[in-house]
Structure formats: structure tokens, C-alpha cells
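# Inside the fold
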Amino acid sequence: MTERIFYTDVCCHTFQATVLDCQPRKKKGYEVILDKTAFYPEGGGQPGDRGTLGGVNVTDTQERGEDIIHLTDASLEVGTQVTGTLDWNWRFSLMQNHSGEHIVSGIIHRRTGANNVGFHMGNDAIIIDFDVELTPELLQEVEQEANEIVWKNLPVQITYPTPEELERLDYRSKKALTGQVRIVTFPQTDTCACCGTHVVRTGEIGVIKILSVQKFKEGSRVEMLAGSRALTYLRDVFEQNHRISVALSAKPLKTADAVERLKADKEQTDYRLNGLEQTLFQQKAETLAGAGDVLLFEKPMAPDSVRKLSVAVMETCGGRCGVFSGDDESGYKYAIGQAEGDLRAWVRTLNQALQGRGGGKGNFVQGSVQAKRAEIQAFWDSQEG
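Read on for a plain summary of the structure. Numbering of residues starts from 1 in every chain and runs along the sequence as written. Only residues with pLDDT of at least 70 get local features here, since the model is predicted, and only at 80 or more are side-chain atom pairs given and counted; chain-wide, interface and lining totals rely on the full set of residues. Side-chain measures here rest on the full set of heavy atoms in the structure, leaving out hydrogens and waters.

Convention adopted: a line fitted to C-alpha atoms gives each axis, helices being fitted over their contacting stretch, and angles between N-to-C directions are expressed from 0 to 180 degrees. Segments assigned H or I by DSSP are reported as helices when at least four residues long, segments assigned E as strands when at least two residues long, and all are numbered from the N terminus. Where helix α2 (residues 88-112) meets helix α3 (residues 136-151), the closest approach of the two axes is 9 Å, and the angle between their N-to-C directions is 125°. Our classification of the angle between α2 and α3 gives oblique. Here the hand of the crossing between α2 and α3 comes out right-handed. Note on element contacts: α3 touches α2 through Leu138, Leu139, Glu141, Val142, Glu145, Ala146, Ile149 and Val150, opposite Ile103, Val104, Ile107, Ile108, Arg110, Arg111 and Thr112. Polar here means any residue outside two lists: the nonpolar Ala, Val, Leu, Ile, Met, Phe, Trp, Tyr, Cys and Pro, and the charged Asp, Glu, Lys and Arg; Gly therefore counts as polar. Residue classes in the contact of α2 with α3 are distributed as ten nonpolar, one polar and four charged. Between 65 and 115 degrees an angle is taken as roughly perpendicular, under 35 as roughly parallel, over 145 as roughly antiparallel, and anywhere else as oblique. Left-handed is the label given to a crossing in which the near helix is rotated counterclockwise from the far helix by less than a right angle, and right-handed is the label when the rotation is clockwise. Whether two residues are in contact is decided by their heavy atoms, any of which lying within 4.5 Å being enough.

A few words now on a nonpolar patch on the surface. Patch criteria: residues need more than 30% relative accessible area and no salt bridge. Like-charged residues are merged within 9 Å; nonpolar side chains of Val, Leu, Ile, Met, Phe, Trp and Tyr are merged within 5 Å. All accessibility values rest on the Shrake-Rupley procedure with a 1.4 Å probe; residue burial counts only the protein chains present in the view. When a carboxyl oxygen of Asp or Glu lies within 4 Å of a side-chain nitrogen of Lys or Arg, that pair is called a salt bridge. Taken together, the side chains of Tyr233, Leu234 and Val237 make up a nonpolar region of the molecular surface, amounting to roughly 230 Å² of accessible area. Structurally, the position occupied by Leu234 is in helix α5 (residues 227-248).

Turning next to the sheet that holds strand β19 (residues 356-361). Strand order in this open sheet of five strands is β16-β17-β18-β20-β19, and the pairing throughout is mixed. Edge positions in the sheet fall to β16 (292-298) and β19, since each of these pairs with one other strand and no more. Across this sheet, the average inter-strand angle for adjacent strands is 15°, counted without regard to direction. Looking at chain direction, strand β17 (residues 318-327) and strand β18 (residues 331-338) are connected through eight bridges and run antiparallel. Paired with Val323 across the bridge in β18 is Ala335. Where helix α9 (residues 373-383) meets the sheet, its contacts fall on β16, β17, β18 and β20 (364-369), and the angle it forms with β16 comes to roughly 175°. Any two strands with at least two DSSP-identified bridges between them are counted as paired.

What follows concerns helix α7 (residues 303-317). Here a helix's expected span is defined as the number of its residues, less one, multiplied by 1.5 Å. With 15 residues, α7 extends 21 Å between its outermost C-alpha atoms, agreeing within 8% with the 21 Å of an ideal straight helix rising 1.5 Å per residue. Three labels apply to residues, based on accessible area from a 1.4 Å probe with only protein chains included: buried if under 20% of the type maximum, exposed if over 50%, partly exposed otherwise in between. Within α7, burial applies to Ser305, Val306, Leu309, Ser310, Ala312, Val313, Met314 and Cys317. Buried-residue contacts for α7 involve α6 (255-287), β16, β17, β18 and β20.

For the rest of this paragraph, the subject is the pattern of salt bridges. Under the criterion given, the structure shown has 17 salt bridges. With a closest N to O distance of 3.5 Å, Glu143 and Lys209 form a salt bridge. One end of the pair, Glu143, is in helix α3; the other, Lys209, is in strand β14 (residues 208-216), with 66 residues separating them in the sequence. Residue Glu143 is classed as buried on the basis of its relative accessible area of 18%. Using a relative accessible area of 27% as the deciding quantity, one classes Lys209 as partly exposed. Where Asp304 meets Lys308, a salt bridge forms, and the shortest distance between an N and an O atom there is 3.4 Å.

The structure is reproduced here in C-alpha cells:
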């Protein structure tokens, strides 16, 4: 059984331990068991710790029965004393986020009765699933209250109540518990059964930021960050907004208004361009009236524009109209139509001959080819008549 230092001294960075076992893994690396460790194993939604043992890298930490398994990239000699050193930035960030999650979940539970039914510390955000639909407006209030708890710098309490005390205690838990139960209490906010590591005082969390909420199954999925990860996220968002602010010549708190104006201007411009484009297509269709089969090569255009030109010409030419837009290097998008035709078998032949893919209805097909212009022209000429 591995002695768990993280339960008696959560801030332990470095420790001495004896190697009890070291076994090679099936793929690569080794599994090391110590007589004691400050490395917390993955569990309860919290990732395992990482760091070094005797200079050997610990890439992850897992629990197996009463033992804690350190996954290393090199072997350690059984019976030797080693120095364990945690990646403290990693561990402390996990502590900040796990504690922040308890505070947020506790406030939401008190306000709405919602239960935390899923929790995961991902690379991008902390994800919490609740069994009640939550609104962005409510979560703004929750975020404010959560940060006020952080700023009060309250002591976090860890207790191991007796079965009788547990019966009388009002606490959160995802499942019925037996045996010794570890209770983590954030004063004025939350009491919850938890095996994870937490900050000593709420002020160590620094800041809590709720990022999003969306409907998930019958409830809600909330994304949040706390501590150093929240600061990094907010710094990145600020930098993005600063770049937008400079590009649009707008004050930092006015960038959304500037983007809305830019969007409205673009919609007006697109509307005018679409009208001009349609006029040009109709003029070209008129010049090709009665021409029979028509093959057109155009510079790169949007697929919808390729379609519109083909439709306009096929309605006047009296034959098959093919529009190929692109270049020999990147390939061509195509739209081919024939007012009274059935092109389904024909387009299969085209795709096979020109390394293409696509299809459509009987009289109209769309797709793309990787052939060169000369190859497209040769295929078209071979199919005329």
C-alpha cells in the first residue's frame, strides 16, 4: 500500500521514497511503485500528477488497488531511495481548477438544486455537466458570487466524519458512499465528498471565469477555468481583442459594435455584387443563345457562382453547358447542366476520366476534377454529338 503524502501535505513539492517495484510496460516505459508518494493519481475527473523520480520523468500517475503507479520513461532500481519532484505548476493549476469547480457547483446546487453529474479537466477547459438547464444570466451571477468567495480567502476544510456524523451531514455526492469518506468544505459555499487535491485557502484560486453554457442531454454543460489557466485564457482573449481593435480603429470595448457595422457593410456589398454578377451571367447567356453545347473556363469562383453561370447559359444555349472554374495547379470546380437531358451516367464517365468527384440531379451536376484544362477540353470534345 502506497502512503499518500498529498492527503497529509497537499503542498509537498519534493519528497524521499523507496522504490518497491519497477516493471516494464507492454508498449514503452515503466510502472514504478513507491512506499510513499506526493504524486496524486488520476481520479474523480482530475488528471494524474507528473514530474520526476530520481531524475527519471514521470509522465502520468494512476491508481491500482491500494498502490499508486508512476508511469516513467526509464527504469528505477528496486530498493533504492529516490527523490520525487512534482511539476508544481501543473499540480497547482489542477488544484486551482478543482477547487474552483467545487465553488461553482456548490453555488449552482444551492441556487437551483442542480446536481453535478459529470466533471472533466480537459486541456482547453473544465467541463461540468448538470442535470438542470441553466441560463447565461444565472451563470453571470454564479461567477460573481464564486469570485467573491475567492476574494474572502476562506480556509478550505478537509474532514473524515464518522458514519454517524456523515448521516447528519448535508453534502454533495454523485453516488452512495461506504467506508471512510473524505469531505471537502468551502465555507459559505459547498460541502462535497471528494478524493482530489485542493488549495488551502480560496484566495489561492485567484480568479474563476465561466466560459460558456449549452444545453446537454436533459441538462446543461458548463465550461470554466480558474487560476493561472483562467489568467492565460483572459490574456489571450485580450490580445485577440487588441488586434481587432487596432485593425478596426475601434476602442477595445467597442470592437463588437465595429464588427457588426463591418458585417452590415459586407452584406450590402455582397448584395450589390451578387446583382452585378447575375447581370453579367445573363448577358453571357444571351450571347450564347442557340450555341448548342458550350464549355466555359472561368477564373476561381465560389461554387454557387459556378452553378449560377451554368444555369443561366444552359437555359439559352439549347445544349449542354459546362462551367469549369479554377486552374491547372489546384484543379477545377464544375457545374454542368442540360435543360432536357439526363447527365447522371455521363458525369460518372467524366469523373472517371478526369479524376473527379460529384453528381446531382438528372439535368444538373456539380463537383470537382484534378485534371488540366487541356484534358477537360479533350474530354468535352470527345463527348460532343
